[in-house]
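# Geometric and topological summary
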Amino acid sequence: MTSTTTETRPFRLADLGTLVVLAWSGEATDGTDMPYLLAYSLGDAEGGGATTSAAVERLLENSGLTVGGDLVDGSARPSLPVTLLVQAGQAVVTLPQLNAQCPAPPEWLAAVAQRGYAYLVFTTRPWPEARPGMPLTPQQLAAFVSAEETLSAAAHVVLPARSLRG
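In short, a report on the structure. A quick note: this is a predicted structure, and the numbers were derived from the prediction, not measured.

## Here we look at the overall build of the chain
Looking only at helices and strands, one finds four helices and eight strands in the chain. Going residue by residue from the N terminus, the α and β elements of the chain occur as β-β-α-β-β-β-β-α-β-α-α-β. A globule of 166 residues ought to have a C-alpha radius of gyration of about 15 Å, and the chain, at 16 Å, matches this closely. Looking at the chain as a whole, 40% of its 166 residues are labelled buried. A total of about 9,000 Å² of accessible surface is found on the chain, and carbon and sulfur atoms cover 53% of it. Averaging the positions of the 9 positive and the 15 negative side-chain charges in the chain gives two centres separated by 7 Å.

Right, dumping it as structure tokens:
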């Protein structure tokens, strides 16, 4: 009789590879702009895309999020350890064990100021073609974000936007 071990690998930040966060806005069904955030890995950790996918999934699960699950409303779950800070033109997403930030375009900042939240899609699907500093067209972004492979491999979260007050 053969048995397999279901040994759980410990979570290592290095297994995430290069983690990227993008901010953009788009028209929602109510006719106003929705601020979106996309978080993904380039899949460039040692071991490649399978390693990064598994690491992102572990990170999300450790943060109380389910890949492929229902939309999580962060305002209804105040104990959710995933937060969004908007400060100095930057969007900063914080999860246990990491902070990721990105510059936010003016239209995104206006949309998040109006709504008070952003919609985060944090996918386990690597996107090696979308490297930081490389041009990315709206069509490329739309194709990746709207792909079933991206959406079904993601946690979807509405994150209340917080800011520093001085």
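## Some points on the pairing of strand E6 (residues 98-103)
Only one face of E6 is buried: it carries Leu-98, Ala-100 and Cys-102, and the other face, with Asn-99, Gln-101 and Pro-103, is open. As paired elements, strand E5 (residues 90-95) and E6 share six bridges and run antiparallel to each other. Bridge pairing in E6 links Leu-95 to Leu-98. Linkage of E5 to E6, two consecutive antiparallel strands, is achieved through a turn of two residues, within which Gln-97 is found at a positive phi near 85°.

## Focus on helix H1 (residues 48-62)
Taking 1.5 Å of rise per residue, the 15 residues of H1 would be expected to cover 21 Å, and the 21 Å separating its terminal C-alpha atoms lies within 8% of that figure. Close packing links the buried residues of H1 with strand E2 (33-41), E5, E6, strand E7 (117-123) and strand E8 (154-162). Trailing H1 by a residue or two, Gly-64 shows a phi angle of about 85°, which is positive.

## Some thoughts on the layout of surface pockets
When its volume is computed, the largest pocket comes out at roughly 390 Å³. Around the largest pocket, the lining comprises 22 residues; the ones closest to its centre are Val-20, Val-21, Leu-22, Ala-23 and Leu-136. Every element with two or more residues in the lining of the largest pocket is listed here: strand E1 (19-27), E6 and helix H3 (138-146). Taken together, the residues of the lining of the largest pocket sort by class into 17 nonpolar, three polar and two charged.

## Details of the nonpolar core
Grouped together as the largest cluster of nonpolar side chains are 31 residues, with contacts concentrated most on Leu-37, Leu-84, Trp-108 and Leu-120. At four residues, the largest contribution of residues to this core is made by H1. Ranked by size, the runner-up nonpolar core spans twelve residues in total, among them Val-20, Trp-24, Val-121 and Leu-141.

What counts, and where the lines are drawn
- Residues numbered from 1 in each chain as written.
- Predicted model: local features only at pLDDT ≥ 70, side-chain atom pairs only at ≥ 80, totals over all residues.
- Heavy atoms only, no water.
- Helix = DSSP H or I, 4+ residues; strand = E, 2+ residues; numbered from the N terminus.
- Rg over C-alpha atoms; globule rule 2.2 N^0.38 Å.
- Buried < 20%, exposed > 50% of the residue type's maximum accessible area, 1.4 Å probe, protein only.
- Areas by Shrake-Rupley, 256 points an atom, 1.4 Å probe, with all protein chains shown as cover.
- Lys, Arg positive; Asp, Glu negative; His and termini not counted.
- Charge placed at Lys NZ, Arg CZ, Asp CG, Glu CD.
- Pairing = 2+ DSSP bridges.
- Expected span 1.5 Å × (residues − 1).
- Contact = heavy atoms within 4.5 Å.
- 1 Å grid on protein atoms, 1.4 Å probe; cavity = no way out; pocket = protein on both sides within 12 Å on 5 of 7 lines; lining within 4 Å.
- Points joined across faces, edges and corners; volume = space filled by probe spheres on them.
- Nonpolar A, V, L, I, M, F, W, Y, C, P; charged D, E, K, R; others polar.
- Core = buried A, V, L, I, M, F, W, Y, C linked by side-chain atoms within 4.5 Å.

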